[in-house]
Amino acid sequence: MSEDRLFPKSVDEVILEKVRFFFLPDRTAAFVKNILDGKVSERALICCNSGCDVCNETIYNCYVAVKKELGLP
């Protein structure tokens, strides 16, 4: 662990950190949380090459980074 903390980061902290790392708007954090909670299918997160404001592929990469940091399969 690179920083000294009394408690580990919460899921919400990890999500927001990764959302910002991928230069996504903070509002995307709630969407990533819904994917983690199973409310949104991760299968929908593919790039459709339509030039979306926030690309689903970037959200997917963020989601994978969150799962990795949280140690989720």
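Chemist: Even after reading the chapter, I still don't get the overall build of the protein chain, so can you show me in this structure?
Modeler: Within the protein chain, the secondary structure is distributed over 3 helices and 0 strands. The order of helices and strands in the protein chain, counted from the N terminus, is α-α-α. Taking the principal axes of the C-alpha coordinates as reference, the protein chain spans close to 45 × 25 × 15 Å. Relative to its full complement of 73 residues, the protein chain shows a buried share of 22%. The contacts of the protein chain with a sequence gap of at least 6 include a subset with a gap of at least 24, amounting to 53%.

Chemist: Honestly, the environment of E17 in this entry has me stumped. Any pointers?
Modeler: Tracing the backbone through its elements, the reader meets E17 in helix α1 (residues 11-21). Those residues in contact with E17 that lie beyond four places of it in its chain are K9 and E69. A distance of 2.6 Å separates a polar atom in the side chain of E17 from a polar atom in the side chain of K9.

Chemist: Help me understand the side chain of K18, please; the structure alone is not making it clear to me.
Modeler: Inspection of the secondary structure assignment puts K18 in helix α1. Given the relative accessible area of 16%, K18 is considered buried.

Chemist: Got a minute to help me understand the side chain of K67 in this structure?
Modeler: Positionally, K67 belongs in helix α3 (residues 56-70). Although K67 lies buried, it forms no salt bridge, and the closest oppositely charged side chain, E42, sits 4.2 Å away as judged by the N-O distance. Contact partners of K67, with chain neighbours within four places excluded, come to L36, E42, L72 and P73.

Chemist: What is the right way to read the environment of R43 from this model?
Modeler: Structurally, the position occupied by R43 is in the loop between α2 (28-36) and α3. Looking at R43, the relative accessible area reads 75%, which means it is exposed. Measuring from C-alpha to C-alpha, the distance between R43 and N61 comes to 12 Å, with 18 residues separating the pair along the chain.

Chemist: Please clarify how α2 should be interpreted in this entry.
Modeler: Since one α-helical turn is 3.6 residues long, residues separated by three or four positions face the same way. Along α2, the positions that sit buried rather than exposed are T28, A29, V32 and I35. Relative to the axis of α2, the buried residues are bounded by an arc of 115° and lie together on one face. Of the surrounding elements, those touching the buried residues of α2 are α1 and α3. Looking one or two places after α2, you find G38, whose phi comes out positive at around 80°.

Thresholds, definitions, all that
- Residues numbered from 1 in each chain as written.
- Predicted model: local features only at pLDDT ≥ 70, side-chain atom pairs only at ≥ 80, totals over all residues.
- Heavy atoms only, no water.
- Helix = DSSP H or I, 4+ residues; strand = E, 2+ residues; numbered from the N terminus.
- Buried < 20%, exposed > 50% of the residue type's maximum accessible area, 1.4 Å probe, protein only.
- Contact = heavy atoms within 4.5 Å.
- Polar contact = N/O pair within 3.5 Å; in protein donor to acceptor, adjacent residues only side chain to side chain.
- Lys, Arg positive; Asp, Glu negative; His and termini not counted.
- Salt bridge = Lys/Arg side-chain N within 4 Å of Asp/Glu carboxyl O.
- Arc of directions from axis to C-beta.

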